[in-house]
Amino acid sequence: MSDDASARLGLPYLAAGQLQKHVTLNEALTRLDALIQTAVVSRTVSDQPADPVEGALYILPEAATGADWATHPAGRLLRHERGGWLPVPAPDGLLAVVLDSEEILVRREGVWTPLSFGLPQEIQQITRLGVNTTADATNVVAVRANKALWTALESESGGDGDLRFTFNKQTAGDVLSLLFQSGWGGRAELGLVGDDDLRLKVSPDGGAWREVLMADRHTGRAWFAKGATRRETTTLTTGGAWSPPEWARWVEAVCVGGGGGGGAGLAGAAGTVRHGGGGGGAGGVMSALWPAEALGVGLTVVVGAGGGGGPDSGAAGASGADSRIALGGVTLLTGEGGRGGAGGSAASGLGGAGGGGLPPSNAGGASAATLAGGGGQSGARPDGAGGGGAGGGLSAANVAQSGGAGGDGGSLSVKALGGAAGSGVGAAGQGAPVGDLHWAGGGGSGGGAQASGAGSAGGDGGLYGAGGGGGGAGVTVAGVGGAGAAGVVLLTVIG
């Protein structure tokens, strides 16, 4: 122990019989003024201030400049006193508040370090904690930050590699939740809200809340207030490539072939039997359900065109084209095109068969010389498109018959009316009236026969897949057949 100064702060002692004792005492008091409740102006200012406040303290940074500062090493505590700069010895353990950065430093082994570096391993019974903000009686822990990280203690560091947060409430009727806000207004809440089942709620404004889901703690089953299945349907009227979206789990396909065209009626002089053209058959319908993961390379879709009507006397209508769905060159599903109605002849005017399916689709009506033309089918496949009606025929006695009605599409679902029967030009079938609910169109009706002049044309089939009506018989010119409607492919994605 020195006889001249105190052991820790180096305060000078008064010697016995010393002259001018006030000088030594004042030096000790000045040092105490610097070391008691030490407040440092800055530890980052590197240029020596030109006009500092009397008694101002600075911790010198690296490469400090100035007549006095440049002569001292980094980390030196300097005090401005009576126009000069005096070094203040800083013992280990000295605390200093840095005013411009609002931090607390501690002197450890001759180096200034943040106080937090030396906090003890255990801090117990803290009643409030604020990080970059102020905690209060309601929010006893408050953090104001852009990012936060929690990571598990690894096994090599003495942990087990797991990280689990445990939250607990007192009773079942209490609330234990995570509340998500935007602009301090609640938008979502997840947790045990008012009972012990997991719940998720959302809000547009923080006032009105709507429940999204509840997971029953007893059964593990989830209940969705507004439903949870995502289902979207794509209606393809032209071919091309198609891939399921990433969220898809299942793909439900409906493949409808094009409708067959109606046959043309037969033209000829009175005294002969002349049949009208047969109605075109409706396109076939096939459906399937596939797991989306099996369709990773995507599908190739072909949509069948409708068959054209018979163009002149006795000509058959063209069959509708097939609609197909293929995966990598392998056909997965085919909706067959409906067959074209036969052209009228002296013996018959047969309707075209419906495209194949389970069951086959609706066929077109057949013509007769002594009866009205047959109507297109609608009941053979009640969910399918309607068959085309047959054209009216002429008997040997030159008696003209009316054309047959087109078959209704989707007769037991969303009905699309077939063209109405009549003695004139055949009426077109109705297109699907509510396409979002069902796709089937009504068949075109047959054209009426005419005892003089030209027979009446058959009506076109309605979208989608309906058969065209047959043309009516005539004397000079036969009625042409109506065109079949194009097919369609519907792909419904379920996720």
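None of these values were measured; they are calculated from a predicted model. (Residues numbered from 1 in each chain as written. Predicted model: local features only at pLDDT ≥ 70, side-chain atom pairs only at ≥ 80, totals over all residues. Heavy atoms only, no water.)

Novice: What should I look at first to understand the overall build of the chain in this one?
Specialist: In terms of helices and strands, the chain carries 1 helix and 22 strands. Taking 23 Å as the expected radius of gyration for a compact globule of 495 residues, we find that the chain reaches 47 Å, considerably beyond that expectation. With respect to the principal axes defined by its C-alpha atoms, the chain has extents near 160 × 55 × 45 Å. Counting contacts in the chain only where the partners sit at least 6 residues apart, residues at least 24 apart contribute 53% of the total. Surface exposure of the chain reaches about 25,900 Å², of which carbon and sulfur atoms provide 54%. The centroid of the 29 positive side-chain charges in the chain is displaced by 6 Å from the centroid of its 40 negative side-chain charges. (Helix = DSSP H or I, 4+ residues; strand = E, 2+ residues; numbered from the N terminus. Rg over C-alpha atoms; globule rule 2.2 N^0.38 Å. Contact = heavy atoms within 4.5 Å. Areas by Shrake-Rupley, 256 points an atom, 1.4 Å probe, with all protein chains shown as cover. Lys, Arg positive; Asp, Glu negative; His and termini not counted. Charge placed at Lys NZ, Arg CZ, Asp CG, Glu CD.)

Novice: Explain the sheet that holds strand 20 (residues 323–327) here, please?
Specialist: Two orientations exist for strands paired in a sheet by backbone hydrogen bonds: parallel and antiparallel. Read across the open sheet, the 4 strands follow the order 16-19-20-21; overall the sheet is antiparallel. Each of the sheet's edge strands pairs with one partner strand only, and the pair in question is strand 16 (240–242) and strand 21 (330–335). The mean angle between the axes of side-by-side strands here comes to 25 degrees, regardless of whether they run parallel or antiparallel. In this structure, strand 20 lies alongside strand 21, joined through 5 bridges in antiparallel fashion. Bridge pairing in strand 21 links alanine 326 to threonine 331. (Pairing = 2+ DSSP bridges. Axes fitted to C-alpha atoms, helices over the stretch in contact; angles between N-to-C directions.)

Novice: When you look at a nonpolar patch on the surface in this model, what are you seeing that I'm missing?
Specialist: On the surface, Trp150, Leu163, Phe165, Phe167, Leu178, Phe180, Leu190 and Leu198 cluster together into a nonpolar patch covering about 830 Å² of accessible area. On the secondary structure map, phenylalanine 180 appears in strand 10 (residues 175–182). Residue phenylalanine 180 is classed as partly exposed on the basis of its relative accessible area of 44%. (Patch = residues over 30% accessible without salt bridge, like charges linked within 9 Å, V, L, I, M, F, W, Y side chains within 5 Å. Salt bridge = Lys/Arg side-chain N within 4 Å of Asp/Glu carboxyl O. Buried < 20%, exposed > 50% of the residue type's maximum accessible area, 1.4 Å probe, protein only.)

Novice: Please clarify how the sheet that holds strand 17 (residues 250–256) should be interpreted in this entry.
Specialist: Taken in spatial order, the 4 strands line up as 15-22-17-18 in an open sheet, and their pairing is antiparallel. With partners counted over all chains shown, the strands left at the sheet margins are strand 15 (231–236) and strand 18 (285–291), one partner each. Shown here is a sheet whose adjacent strand axes are inclined to one another by a mean of 15 degrees, direction ignored. As judged from the 6 bridges shared by strand 15 and strand 22 (residues 488–494), these two strands associate in the antiparallel manner. Of the residues in strand 22, the one forming a bridge with threonine 233 is threonine 492.

Novice: For this particular structure, what's the right way to read the pattern of salt bridges?
Specialist: Should the charged atoms of two oppositely charged side chains come close, the side chains can pair. By the definition in use, this model includes 11 salt bridges. Put simply, aspartate 195 and arginine 199 hold a salt bridge, and the shortest N to O gap is 2.6 Å. Taking the shortest distance from any N to any O, the salt bridge between glutamate 336 and arginine 339 comes out at 3.5 Å. Taking the relative accessible area as the measure of exposure, arginine 339 reaches 35% and is therefore partly exposed. Each of the salt bridges in this network shares a partner with another, and the network as a whole consists of Asp195, Arg199 and Glu211.

Novice: I would appreciate a short explanation of the environment of glycine 435 in the present structure.
Specialist: Examined against the element boundaries, glycine 435 turns out to sit in the loop between strand 21 and strand 22. For glycine 435, a relative accessible area of 45% corresponds to the partly exposed category. Separated by 324 residues in sequence, glycine 435 and valine 111 have C-alpha atoms that sit 80 Å apart.

Novice: Help me understand the packing of aromatic side chains in this model?
Specialist: In this description, a pair of aromatic rings is defined by centroid distance and the angle of the planes. Here the structure, examined in full by the defined rule, presents 5 aromatic pairs. When the ring of tyrosine 58 is compared with that of tryptophan 69, the centres are 5.2 Å apart and the planes differ by 55 degrees; the resulting orientation is tilted. Here tryptophan 69 lies in the loop between strand 2 (57–59) and strand 3 (77–81) and tyrosine 58 lies in strand 2, a separation of 11 residues in the sequence. When its relative accessible area of 9% is taken as the criterion, tyrosine 58 is described as buried. (Phe/Tyr/Trp six-rings, centres within 6.5 Å; stacked < 30°, edge-to-face > 60°.)

Novice: Any chance you could explain the pairing of strand 5 (residues 95–98) here in plain terms?
Specialist: Each regular strand carries side chains that alternate between the two faces of the sheet. Residues Ala96 and Val98 line the buried face of strand 5, whereas the alternating positions Leu95 and Val97 sit on a face that is not buried. When strand 1 (residues 38–40) meets strand 5, the two strands line up parallel, connected through 3 bridges. In the strand pairing of strand 5, threonine 38 is matched with alanine 96. Looking at chain direction, strand 5 and strand 6 (residues 103–108) are connected through 4 bridges and run antiparallel. Directly across from alanine 96, in strand 6, lies its bridge partner leucine 105. Connecting the antiparallel pair strand 5 and strand 6 is a turn made up of 4 residues, with glutamate 102 showing a positive phi of about 55 degrees.

Novice: I tried to follow the nonpolar core on my own but got confused; where do I start?
Specialist: A general tendency of soluble globular proteins is for nonpolar side chains to be buried together. By size, the foremost hydrophobic cluster in this structure holds 19 residues, and its most contacted members are Val251, Trp290, Leu299, Ile325, Leu333, Val489 and Leu491. Counting residues per element, the ones that place at least two in this core are strand 17, strand 18, strand 19 (299–302), strand 20 and strand 22. Core analysis: the next-biggest nonpolar cluster, separate from the first, contains 11 residues, Ala282, Val285, Ala385 and Leu490 among them. (Core = buried A, V, L, I, M, F, W, Y, C linked by side-chain atoms within 4.5 Å.)

Novice: Looking at this model, I keep getting lost on the side chain of glutamate 189. Mind explaining?
Specialist: Inspection of the secondary structure puts glutamate 189 in strand 11 (residues 185–193). Assessed through its relative accessible area of 11%, glutamate 189 is described here as buried. A polar contact is formed between the side chain of glutamate 189 and the side chain of serine 177, at a distance of 2.7 Å. Contact partners of glutamate 189, with chain neighbours within four places excluded, come to Val175, Ser177, Leu178, Leu179, Arg199, Leu200, Lys201 and Trp209. (Polar contact = N/O pair within 3.5 Å; in protein donor to acceptor, adjacent residues only side chain to side chain.)

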